[in-house]
Amino acid sequence: MSELANLAGLLHQAATYARVKIDAIPADASLEEECAIIEAVIIPAEAIAELIVTLPAQGRHDFEAKARAQSWLDGRYWTGLAPAA
């Protein structure tokens, strides 16, 4: 498995973690608290996605990994436009 494919798996783990934490934000959280939580929990996924898009792709799985990372950066990761990891 390529480095990009491995990183795509890590991206999916980080994105899933972020989604779980965001979904768990209490309904009575203030806007400031909600924003702070979201900003904190997306940091790992952002960093991984930014790394993936800078690396060269050499095969179909690499290009899929780069597309998945770009979809995270574009805010489309969970819309069904990103291939499943």
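Preceding this paragraph is the structure being described.
Read on for an overview of the structure. Not measured: the values here are computed from a predicted model.

### Here's the deal with the environment of Val 41
Note on placement: Val 41 falls in helix H2 (residues 31-41). Relative accessible area serves as the criterion here: at 9%, Val 41 is assigned to the buried category. A C-alpha to C-alpha distance of 22 Å links Val 41 and Thr 54, two positions 13 residues apart in sequence. In contact with Val 41, other than residues within four places in its own chain, are Tyr 17, Ala 18, Lys 21 and Ile 22.

### A look at the pattern of salt bridges
Tallied over the full model, the rule gives two salt bridges. Salt-bridge contacts for Glu 64 lead to Arg 60; the nearest nitrogen and oxygen are separated by 2.7 Å. Taken together, the residues span about one helical turn, with Glu 64 and Arg 60 both in helix H4 (residues 60-73) at a distance of four residues. In this structure, Arg 76 engages Asp 74 in a salt bridge whose closest nitrogen and oxygen atoms are separated by 3.2 Å. Residue class for Arg 76 comes out partly exposed when judged on its relative accessible area of 28%.

### A look at the packing of aromatic side chains
Per the stated rule, a full pass over the model turns up two aromatic pairs. On the basis of an interplanar angle of 80 degrees and a centroid distance of 4.9 Å, the ring pair of Tyr 77 and Trp 78 is categorised as edge-to-face. Since its relative accessible area comes to 6%, Tyr 77 is described here as buried. These aromatic residues form a ring-pair network of at least three members: Trp 72, Tyr 77 and Trp 78.

### Section: the nonpolar core
Ranked by size, the top nonpolar core spans 17 residues in total, and within it Leu 11, Ile 52 and Trp 72 carry the most contacts. Among the secondary structure elements, those contributing two or more residues to this core are helix H1 (3-23), helix H3 (43-54) and H4. Considering every element that reaches this core, the biggest residue donor is H1, with seven residues. The residues touching Trp 72, leaving out its near neighbours within four places in the chain, are Leu 11, Ala 15, Ala 18, Ile 42, Ala 45, Glu 46, Ala 49, Tyr 77 and Trp 78.

Definitions and limits used
- Residues numbered from 1 in each chain as written.
- Predicted model: local features only at pLDDT ≥ 70, side-chain atom pairs only at ≥ 80, totals over all residues.
- Heavy atoms only, no water.
- Helix = DSSP H or I, 4+ residues; strand = E, 2+ residues; numbered from the N terminus.
- Buried < 20%, exposed > 50% of the residue type's maximum accessible area, 1.4 Å probe, protein only.
- Contact = heavy atoms within 4.5 Å.
- Salt bridge = Lys/Arg side-chain N within 4 Å of Asp/Glu carboxyl O.
- Phe/Tyr/Trp six-rings, centres within 6.5 Å; stacked < 30°, edge-to-face > 60°.
- Core = buried A, V, L, I, M, F, W, Y, C linked by side-chain atoms within 4.5 Å.

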